[in-house]
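The chain contents come next:
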Amino acid sequence: METIIELGVQGMTCASCVGRVERGLTKVPGVEGAVVNLATERATVTYDPAQTTPQALLDKVRDVGYEPLVGELELGVQGMTCANCVGRVERALKKVDGVLDASVNLATERASVRYLPGSVSPGQLRTAVVNAGYTVLETGGGQDRSDQERAAREQEVRSLKSAVLLSAVFAAPLLLLAMVPMLWMPAHMWLTGYVSPSAMNWLMLLLAAPVQFGPGRRFYRLGWASLKHRSPDMNSLVMIGTSAAFSYSLLVTLAPGVFPAGTAHVYYEASAVVITLILLGKYFEAIAKGRSSEAMKKLLSLQAKTARVLRGGQELEVPADEVLIGDLISVRPGEKVPVDGEVTGGHSFVDESMITGEPIPVAKQAGAAVVGGTINQTGAFQFRATRIGADMALSQIIKLVETAQGSKPPIQGLADRVVAVFVPVVLGIAALTFLIWLVFGGPQALSFALVNTVAVLIIACPCAMGLATPTSVMVGTGKAAELGVLFRSGTALEGLQGAGVVALDKTGTLTKGRPELTDLVTTGFFGRDEVLALVAAAEAQSEHPIARAIVDAAQREGMAPLPTERFGAVPGYGLEAQVQGRLVQVGADRYMTRLGLNVDDCAAQAARLGDEGKSPLYAAIDGQLAAIIAVADPIKEGSLEAVRALHHHGLKVAMITGDNARTAQAIARQLGIDEVLAEVLPSGKSDAVKALQAQGHAVAFVGDGINDAPALAQADVGIAIGTGTDVAVETADVILMAGDLRGVPNAVALSRATLRNIKLNLFWAFAYNIVLIPVAAGVLYPALGWLLSPVLAAAAMGLSSVFVLSNALRLRSFRAPVRLESVQAQPTVAHA
């Protein structure tokens, strides 16, 4: 029987690391498949528990050079009386998938559990003890998975920061000692007058050794592990290149006489500075990965912690995970709905925007369904629990996000793919160089072999390759920030340029996300201000969100609230109120018909408003039809310009929304959107993105709500409106800080420019190696007598890095194709 578990894996840095972990896990007997995700730092493993164990998988992860994430938890267990009880609790805990070990102490009445946070939660462990017939007293030292992963990442960031600071303290003076005398002759003369070359070499050795064997030790650990498993990566190059420079320099320091004249130079600064810069890049990478991990934490925080359950005639407050199907639950104003269920009594409006994305709360009364995690607004109600735990709608959303985030990304870094071939080739060339010179080098064969081999390794040091992508990404993302666009990673920056379809959420993305009064068309018997003041006074007594939109419009126009003598709702029709002695009635067309008022003259106007995606209402004053009123979610400024710019870039634009089809089509007509998918739930949005991807398109999805999180995670690139919910922002790859949709075409244009820049950088980095490695190996010596000194090799390595940096800085001159303007939106109130 197949079992699937998730392992947290710390320390991966590139695609080669992912491949090594996957290959290592698949070699374990009984493992049928392993997929590793670098961004989430998790491995999803399918295995046969009859042939292997989770502990064996953890041991394999450690064997290939990485650290698995393991949780520890202590539970207080009440009710145990003998050794049999101890054994029963231990067996119950060990049966839970993801538990590595469980130990129970009868004397202290405590159970200690080691488990995989990605596969089991503390709540499941408590449930296992309860199901075994015992009581859990308290929990100590247990964090949920997201807490433990965040703690591990924070530790990694702290460790890298310390390593960068320590290496910089030694590398900076080392660089000055090595470079200043070379560039400024007075400094060279002054130093040689006070310090002998031998003493200078020893001083530089004292500065370089702490970097090489302190912060640089991590490259030895990871680089050696990768070589041992026959999959060398960037860590291997750093280890070999810096070790070659350091070892050569150490030999020069200890025995300068063994080298040919003019070749006894030290390169301590090369090894120390390369280590420092690469650690600095890893530090920034760790910070970015830590931010992207917050999405699941925010989703989990949406779940209610407690529930007010009616049991035995009493109202008891219990943990939400202890609610049972069939329990009767009471919800007060402002509280979260703890689980999914069906209303049995009471009446209220519930904010379901986290599920539907729509801003208008939904009326709930007996028979209506409610969803766990949504927020009750005004009234109180009772409901019966129908779905709990993993079956809840919010839990399904969380699972969808986990599945999308855990899937293997379609884009792999160009550098990592080439390095997989480049490193073994360089090692082979270096070995061949040493052998050829050793055989044919004449009297100084060993010296020539050593010098040329070191020159090959130094010229092949991955400085330019390491800088090629991150420098372009750094400048590109910095420029993007100036334009109001945040890229979470270089992968997102690279991925966006390949998108063929941009799919847009409607509410909060294309539109403002809140209802506003858009039209108030009066009949010939009443004045506009008069109608607005009377209707706003009547609606002020209503709980409905549309009523608030009308009241807000009156307040913005400075209208003082009028006193209301009487107010009453007419269920299914509208409302009726007495305002300053005048009868005000507001509702749908069927309400006017019920009142005996003819709305035929307004039918064309109502149809027009409906076609525009607006909700038409009628107002009657003192028994006469006074006005037709429309409330809608207005289109954001810049949405039309953004859609046109996306079309200009050759992109197809689609809209995926939970709103009704008529409203969605109205918005699409106004904006020129190519394809509309309406009335879809969160799972439907994710499926819609999958369908577009199945057609061969790379999809960028733009959204702002919690309900958009699965689609944002499923898309090749998720783009969140920065003014939206935290979950959408944390799940996305790209964030529009200003909440302006015009940032999307700007982000696409910048992504394309950056990828062109990266490709040029990589071409130069690899071309320089292809050209100069043979020269360093000595192929020109037989014909021209030229050998590439390690000094010149180091200089060439430096020049290649300068070119890469200079080319990346050209991105600073990027100009956005669409200008973002700060425009304050104002509602329109029409009058005829």
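Basis of the calculations
Residues numbered from 1 in each chain as written. Predicted model: local features only at pLDDT ≥ 70, side-chain atom pairs only at ≥ 80, totals over all residues. Heavy atoms only, no water. Helix = DSSP H or I, 4+ residues; strand = E, 2+ residues; numbered from the N terminus. Buried < 20%, exposed > 50% of the residue type's maximum accessible area, 1.4 Å probe, protein only. Contact = heavy atoms within 4.5 Å. Areas by Shrake-Rupley, 256 points an atom, 1.4 Å probe, with all protein chains shown as cover. Salt bridge = Lys/Arg side-chain N within 4 Å of Asp/Glu carboxyl O. Pairing = 2+ DSSP bridges. Core = buried A, V, L, I, M, F, W, Y, C linked by side-chain atoms within 4.5 Å. Axes fitted to C-alpha atoms, helices over the stretch in contact; angles between N-to-C directions. Parallel < 35°, antiparallel > 145°, perpendicular 65-115°, else oblique. Nonpolar A, V, L, I, M, F, W, Y, C, P; charged D, E, K, R; others polar. Phe/Tyr/Trp six-rings, centres within 6.5 Å; stacked < 30°, edge-to-face > 60°. Lys NZ or Arg CZ within 6 Å of the ring centre and 35° of its normal. UniProt positions renumbered as here; feature names shortened; annotations may be inferred. Expected span 1.5 Å × (residues − 1). pLDDT = per-residue confidence, 0-100. Arc of directions from axis to C-beta. Patch = residues over 30% accessible without salt bridge, like charges linked within 9 Å, V, L, I, M, F, W, Y side chains within 5 Å.

- An unreviewed UniProt entry lists the protein chain under the name Heavy metal translocating P-type ATPase, from Deinococcus rufus.

Some points on the overall build of the protein chain
Inference 1: A count of helices and strands for the protein chain gives 30 helices and 30 strands.
Inference 2: Per-residue burial for the protein chain yields a buried fraction of 52% across its 832 residues.
Inference 3: Expressed as a percentage of contacts within the protein chain between residues at least 6 apart in sequence, the contacts between residues at least 24 apart total 69%.
Inference 4: Of the roughly 35800 Å² that the protein chain leaves accessible, carbon and sulfur atoms contribute 59%.

Focus on the pattern of salt bridges
Inference 1: Summed over all chains, the structure comprises 20 salt bridges.
Inference 2: Between Asp529 and Arg528 there is a salt bridge, with its nearest N and O atoms 2.5 Å apart.
Inference 3: Given a relative accessible area of 14%, Arg528 falls into the buried group.
Inference 4: Overlapping salt bridges, with partners in common, bring together Arg308, Glu315, Glu317, Arg332 and Glu335 in one network.

Some details on the sheet that holds strand β17 (residues 381-387)
Inference 1: Spatial ordering of the open sheet is given by β10-β9-β11-β17-β12-β15, a layout of 6 strands whose pairing is antiparallel. Strand pairing shows two members of the sheet lacking a second neighbour, β10 (314-319) and β15 (369-370), which therefore form its edges.
Inference 2: Where strand β11 (residues 328-331) meets β17, 4 bridges bridge the pair, whose relative direction is antiparallel. Bridging across to β17, Val331 finds its partner in Phe381.

Digging into the nonpolar core
Inference 1: Counting residues in hydrophobic clusters, the biggest one holds 40 residues, and the most contacted among them are Phe487 and Ile719.
Inference 2: For this core, the leading source of residues is helix α28 (residues 743-777), giving 6 residues.
Inference 3: Among all residues touching Ile719, those that are not within four sequence positions of it are Leu496, Ala700, Phe701, Val702, Gly703, Leu712, Ala732, Val734, Leu736 and Val744.

Things to note about the packing of helix α23 (residues 639-648) against α28
Inference 1: Where α23 contacts α28, the axes come no closer than 8 Å and their chain directions differ by 25°. Classified by the interaxial angle, the pair formed by α23 and α28 is roughly parallel. Within the contact between the two elements, α23 uses Ala642, Ala645 and Leu646 and α28 uses Val744, Pro745 and Val748.
Inference 2: In terms of residue class, the contact of α23 with α28 is made up of 6 nonpolar, no polar and no charged.

Some words on the packing of helix α22 (residues 603-611) against helix α24 (residues 661-671)
Inference 1: At a closest axis distance of 8 Å, the pairing of α22 and α24 adopts a crossing angle of 75°. In terms of orientation, α22 lies roughly perpendicular with respect to α24. Contacts between α22 and α24 pair Ala607, Gly610 and Asp611 from the former with Arg662, Ala666 and Arg669 from the latter.
Inference 2: When grouped by side-chain class, the residues that make up the contact of α22 with α24 number 2 nonpolar, 1 polar and 3 charged.

Some thoughts on the packing of aromatic side chains
Inference 1: Applying the stated rule across the entire model yields 6 aromatic pairs.
Inference 2: Between Tyr573 and Tyr591 the ring centres are 6.2 Å apart and the planes differ by 50°, which places this aromatic pair in the tilted class. Taken together, the positions of Tyr573 in the loop between β21 (564-570) and β22 (574-579) and Tyr591 in helix α21 (residues 589-594) put the pair 18 residues apart, joining distant regions of the chain.
Inference 3: In this structure Tyr573 comes out as partly exposed when scored by relative accessible area, which is 31%.
Inference 4: The exposure class of Tyr591 is buried, given its relative accessible area of 1%.
Inference 5: One aromatic cluster in this structure is built from Phe213, Tyr220, Phe246 and Tyr268.
Inference 6: Taking the ring centre of Tyr573 as reference, the NZ or CZ of Arg590 above it sits at 6.0 Å.

Some words on the UniProt feature "transmembrane region" (unreviewed entry) in the protein chain
Inference 1: UniProt's entry tags residues 163-187, 199-216, 237-259, 265-284, 418-440, 446-469, 762-781 and 787-809 with the feature "transmembrane region" (unreviewed entry), counted in the numbering of this structure.
Inference 2: Its end C-alpha atoms 24 Å apart, residues 199-216 is made of 83% helix and 0% strand.
Inference 3: The span residues 762-781 carries 85% helix and 0% strand; its end-to-end C-alpha distance comes to 29 Å.

Let's talk about helix α20 (residues 545-556)
Inference 1: Taking 1.5 Å per residue, 12 residues should reach 16 Å; α20 reaches 17 Å between its end C-alpha atoms and fits that length.
Inference 2: When we look at burial in α20, the residues that qualify are Pro545, Ile546, Ala547, Ala549, Ile550, Val551, Ala553 and Ala554.
Inference 3: Lining the buried residues of α20 we find β13 (348-351), β20 (516-522), α19 (528-539), β24 (615-621) and β25 (624-632).
Inference 4: Positive backbone phi, approximately 75°, marks Gly558, located one or two places after α20.

A look at unusual backbone geometry
Peptide bonds are, in most cases, trans, and in most cases residues other than glycine have a negative phi.
Inference 1: Unusually for a residue other than glycine, Gln580 sits at a positive phi of about 50°.
Inference 2: Checked against the element boundaries, Gln580 lands in the loop between β22 and β23 (582-587).
Inference 3: With a phi angle near 55°, Asp622 is a residue other than glycine that sits in the positive phi range.
Inference 4: If you trace the backbone, Asp622 turns up in the loop between β24 and β25.
Inference 5: Judged by its relative accessible area of 40%, Asp622 is partly exposed.

A closer look at the confidence of the model for the protein chain
Inference 1: Per-residue confidence for the protein chain gives a mean pLDDT of 79, with 80% of residues at or over 70.
Inference 2: A low-confidence stretch, residues 291-295 (pLDDT under 50), is modelled with 12 contacts involving residues beyond four sequence positions or located in other chains.
Inference 3: With pLDDT under 50 throughout, residues 822-832 is counted as low confidence; its partners more than four residues away or in other chains account for 24 contacts.

Examining the sheet that holds strand β16 (residues 375-376)
Note: strands within a sheet are paired through backbone hydrogen bonds, in either parallel or antiparallel orientation.
Inference 1: With respect to topology, 3 strands assemble into an open sheet ordered β14-β13-β16, the strand pairing being antiparallel. Two strands lie at the open edges of the sheet, namely β14 (362-364) and β16, each paired on one side alone.
Inference 2: Relative to β16, β13 runs antiparallel, the two sharing 2 bridges. Paired with Asp351 across the bridge in β16 is Ile375.

Observations concerning α23
Inference 1: Within α23 the residues assigned to the buried category are Ser639, Ala642, Val643, Ala645 and Leu646. Viewed along the axis of α23, the buried residues span an arc of 160°, placing them on a single side of the element. More than 90 degrees from the buried face of α23, the exposed residues found are Arg644 and His648.
Inference 2: Once α23 finishes, Gly650 follows within two positions and takes phi at roughly 85°, a positive value.

Brief notes about the environment of Leu175
Inference 1: Looking at where Leu175 falls in the secondary structure, it is placed in helix α5 (residues 145-183).
Inference 2: Assessed through its relative accessible area of 35%, Leu175 is described here as partly exposed.
Inference 3: Separated by 93 residues in the primary sequence, Leu175 and Tyr268 place their C-alpha atoms 8.7 Å from one another.

Some thoughts on a nonpolar patch on the surface
Inference 1: Together, Leu432, Ile436, Leu438, Val439 and Phe440 line one region of the surface with nonpolar side chains, adding up to about 530 Å² of accessible area.
Inference 2: Note on placement: Val439 falls in helix α14 (residues 414-440).
Inference 3: With a relative accessible area of 61%, Val439 lands in the exposed category.

Points about the environment of Ala713
Inference 1: Residue placement: Ala713 occurs in helix α26 (residues 709-714).
Inference 2: Separated by 20 residues in sequence, Ala713 and Asp733 place their C-alpha atoms 8.3 Å apart.

Some points on the side chain of Asn757
Inference 1: Its location among the elements puts Asn757 in helix α28.
Inference 2: What makes Asn757 buried here is its relative accessible area of 2%.
Inference 3: In contact with Asn757, not counting residues within four places along its chain, are Ser472, Asn807, Ala808, Arg810 and Leu811.

Notes on the pairing of β24
Inference 1: Burial analysis of β24 places 5 of its 7 residues in the buried class, the great majority of the element.
Inference 2: For β24 and β25, the ladder comprises 7 bridges, and the chain directions are antiparallel. In the sheet register, Ser615 faces β25, and the bridge partner there is Val631.
Inference 3: The antiparallel pairing of β24 with β25 creates a hairpin that spans 2 residues between the two strands, and Asp622 there sits at a positive phi of about 55°.

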